[in-house]
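Commentary on secondary and tertiary structure
Residues per chain are reported as follows:
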Number of protein chains: 2
Amino acid sequence: MTGTTDADSPVPRTPPPIIAVDAMGGDNAPREIVRGAVMAVRDLGLRVLLVGRRTEIAAMLAEEGALRDIPVVHAEDDIAMHEGALASWRRPRSSAAVACRLIRRGDAHALVSAGSTGGIVATSTVRLRTQPGVLRPALAVTLPTEPVPTIMVDAGANADAKPEMLVQFAHLGCAYSQTAFGVERPRVGVLNIGSEPGKGNKLVRRASEMLAALAEGSETMDFRGNIEGHDLFRGKVDVVVTDGHSGNVALKTIEGTAAFTLNAVKEALTSSTMAKAGAMLQRGALRKLRERFDSETYGGAALLGLNGTVVIAHGDSHPEGVAHACQLAHDLSGGRIGEQIRRRVPHRSPHWLHRRTEDR
Amino acid sequence: MTGTTDADSPVPRTPPPIIAVDAMGGDNAPREIVRGAVMAVRDLGLRVLLVGRRTEIAAMLAEEGALRDIPVVHAEDDIAMHEGALASWRRPRSSAAVACRLIRRGDAHALVSAGSTGGIVATSTVRLRTQPGVLRPALAVTLPTEPVPTIMVDAGANADAKPEMLVQFAHLGCAYSQTAFGVERPRVGVLNIGSEPGKGNKLVRRASEMLAALAEGSETMDFRGNIEGHDLFRGKVDVVVTDGHSGNVALKTIEGTAAFTLNAVKEALTSSTMAKAGAMLQRGALRKLRERFDSETYGGAALLGLNGTVVIAHGDSHPEGVAHACQLAHDLSGGRIGEQIRRRVPHRSPHWLHRRTEDR
């Protein structure tokens, strides 16, 4: 990585980043993951390598006729889908741990895994470490708003958060919005239970105060105060800040509600003969809609704030989801999100945030 | 109210409860509220009275030809939609406050209001007071699961909750489930970010421990551990326990996601000529679905744990929503949910819960 600024060049002139794909993570690993990697190389033109049990993966690559296109790095162990944070210590030779080692050495720039979220968050946090000044890495997901997606952060990495962390999540989300969608001065909102200032629990009230003070006159952040759950899809802000508990509840509630609604639509559309006739005409349109929800919302959650890009794909990812996650990892790593975060997050101590608020 | 048990008779033999409807609360007050009250009396056969500015309301009742069917109790003041908790002190003569006075005197049994949630929660908490042993009243909403609706509590009354409160929310929700849906031993789940025990933030981890200890061998509660956001519509539990912050985020996220999905469906269905032809056949089915979501999920939130039944209807309620809220108030009050809560919540001190957990 060179040290040139990239504010005006989202597509860098340096060689494209290398994506290390964890072949062993996910409900459909390794076969569907390998297929996704092949798709990322052939259809999207990305640079990818696979990490996992070499012979098994090589055989699958051979089946796809892609043995020469994708290097394989051997890892003898893997993290099971039910394993959580402890796996990071218990499995130093897991495919995810080996991929992190490649990133630390500079042999790869990003990790894509469909493995257990808890396991991948812990493994990559321990092995890649947080960037200078970053208190905790946070999971960022995108919601399918128009014209640009809204980023929600944290979507589940930190169940117990502090106000200082929420302030940093805003920085991390802004860096994502600028890198992936070119938004120079992202609008930031705090997920709350009412829109007026002073609403909500202690955590969000304090975080809102700090963000309001920080963003006053800022050229890199436009703080818009509180937003509510029903605003998530209205594109009112570019970055939604929340603790990992509420964020994860919101994300999974979106997933559950969308599935429930689409099923109810399907039932409603086939409830009478007339409607049934109509439904036949439209099956394609509904399928497209479901795909849009699946891929845009759940294609991949980015773990932000580490020394290296990490994208966690949905556990039951199919090849399309894996390829989509690779594209996201490519965009974030190639757009040098790490530099964006370094510029936004103060390096030394987060306590200057307090001082700044109180000095005013 | 007589002292007979009502476990086997959800429809009591005592006279049906009187519902005091806050005519001045809500975006469409007073006209749509008055119409809703008329609908509750004519179509649902409920006993209703209206509280608000007498001459204005009487004129509207006269227009509907219902002047003799619904008594009007005068209240000179009202709580504006933007007013929050402070309104409970600031407006002792608001329609909501007058309705609470009727309940305390025994002249009414339940309050229905489409006013500002913060204002109504505060007013009714101050004026009706909590039942013996209840730490905080909590908002309960129902989700349209089959065969019986799932109750989520707290949906926003307590932004900062403690583990002891979450335990009580479980009791309140169980009382609701038994009273409204006849579930004798409701299944209870804690809304969390993972399904395994030990997941989540400190609050839910501690509450889960306490609930597990409490429910062991219980004949009135079946504790099922953690549930996640995508399980809300799967009918896995009868009662979902959560703090008011996460609960409100979940509720409003459901609202936002359902609206977004239904709009996207509409667009998808009209995106091609073929699909457009199909959509014409189905407009009715989609409208029915939207109504189901609106009325079942947002018809009314019950504020549980006070000396009197309180149902808060959606702020933009139309007559159907008001009538639906009156029906809910009738069912809860007539089924004597207060007695159910008294039986489930320990009267003295909540600290026995700690002792019980530690004694084990």
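Note on numbering: residues in each chain are counted from 1, in written sequence order. Each chain gets a letter, beginning with A, and each ligand a number, beginning with 1, in the order they are written. Only residues with pLDDT of 70 or above have their local features reported here, since the model is predicted, and side-chain atom pairs are shown and tallied only from 80 upward, although totals for entire chains, interfaces and linings are computed over all residues. No hydrogens and no water enter the side-chain calculation; it runs on all heavy atoms of the structure.

As annotated in an unreviewed UniProt entry, chain A carries the name Phosphate acyltransferase and comes from Nocardiopsis metallicus. The heading Subcellular location (unreviewed entry) in the UniProt record of chain A holds the text "Cytoplasm". UniProt positions are given in the numbering used here, feature names are shortened, and annotations may be inferred rather than shown by experiment. Per its UniProt entry, chain A bears the Catalytic activity (unreviewed entry) comment "a fatty acyl-[ACP] + phosphate = an acyl phosphate + holo-[ACP]".

Attention now goes to the overall build of chain A. For chain A, the helix and strand inventory stands at twelve helices and eleven strands. Throughout this description, buried means an accessible area under 20% of the type-specific maximum (1.4 Å probe, protein chains only), exposed means over 50%, and partly exposed covers the range between. Within chain A, buried positions represent 60% of all 360 residues. Note on contacts: a residue pair qualifies if any of its non-hydrogen atoms lie within 4.5 Å across the two residues. By sequence separation, contacts in chain A at least 24 residues apart represent 74% of the contacts at least 6 residues apart. Each accessible area value is a Shrake-Rupley result obtained with a 1.4 Å probe; residue values ignore everything except the protein chains displayed when judging cover. With the model as given, the accessible surface of chain A reaches about 14900 Å², and the carbon-plus-sulfur share is 50%. Every helix listed is a DSSP run of H or I at least four residues long, and every strand listed is a run of E at least two residues long, numbered separately from the N terminus.

For the rest of this paragraph, the subject is the environment of A:Ala250. Mapped onto the secondary structure, A:Ala250 falls in helix α8 (residues 244-269). For the pair formed by A:Ala250 and A:Leu232, sequence separation is 18 residues and the distance between their alpha carbons is 9.3 Å. Other than its neighbours up to four places away in sequence, A:Ala250 contacts A:Met152, A:Leu191, A:Leu232, B:Val249 and B:Thr253.

Residue and element names in this part refer to chain A. The side-chain alternation of strand β11 (residues 309-312) yields two buried faces, one formed by Thr309 and Val311 and the other by Val310 and Ile312. Whether two strands pair comes down to DSSP finding at least two bridges between them. Two strands pair when backbone bridges link them, and strand β4 (residues 110-113) and β11 are joined in this way by four bridges, in the parallel orientation. Bridged to alanine 110 within β11 is threonine 309. One ladder, built from three bridges, connects strand β10 (residues 301-304) with β11; its direction is antiparallel. Note on β11: the bridge partner recorded for leucine 303 is valine 310. Connecting the antiparallel pair β10 and β11 is a turn made up of four residues, with glycine 305 showing a positive phi of about 105°.

The subject of this paragraph is a positive patch on the surface. Patch building starts from residues that exceed 30% relative accessible area and form no salt bridge, then joins like charges within 9 Å and nonpolar side chains (Val, Leu, Ile, Met, Phe, Trp, Tyr) within 5 Å. Throughout this description, the term salt bridge denotes a Lys or Arg side-chain nitrogen within 4 Å of a carboxyl oxygen of Asp or Glu. Residues counted as positive are Lys and Arg, residues counted as negative are Asp and Glu, and His and the chain ends are not counted. Note on charges: their place is set at NZ of Lys, CZ of Arg, CG of Asp or CD of Glu. Positive charge collects at one region of the surface, where A:Arg136, A:Lys162, B:Lys202 and B:Arg205 lie side by side. Examined against the element boundaries, A:Lys162 turns out to sit in the loop between β6 (150-153) and α6 (163-181). Judged by its relative accessible area of 48%, A:Lys162 falls in the partly exposed class.

With that out of the way, let us pick up the packing of α6(A) against helix α10 (residues 319-334) of chain A. All names here are of chain A. Between α6 and α10, the least distance of the axes is 9 Å, while the angle of their chain directions is 100°. One finds that α6 runs roughly perpendicular with respect to α10. Along the contact surface, α6 presents Tyr176, Thr179 and Ala180, while α10 presents Leu328, Asp331 and Leu332. Between N-to-C directions, angles cover 0 to 180 degrees, with each direction set by a line fitted to C-alpha atoms, over the stretch in contact for helices. Small angles under 35 degrees read as roughly parallel and large ones over 145 as roughly antiparallel, with 65 to 115 read as roughly perpendicular and the rest as oblique.

Turning our eyes to something else, we now look at the confidence of the model for chain A. All names here are of chain A. On a range of 0 to 100, pLDDT expresses the predictor's confidence in each residue. For chain A, the average pLDDT comes to 87, and 85% of its residues sit at 70 or higher. Low confidence marks residues 1-7, where pLDDT is under 50. Its contacts with residues over four positions away, or in another chain, come to 14 contacts. pLDDT under 50 marks residues 352-360. Its contacts with residues more than four places away, or in other chains, come to 17 contacts.

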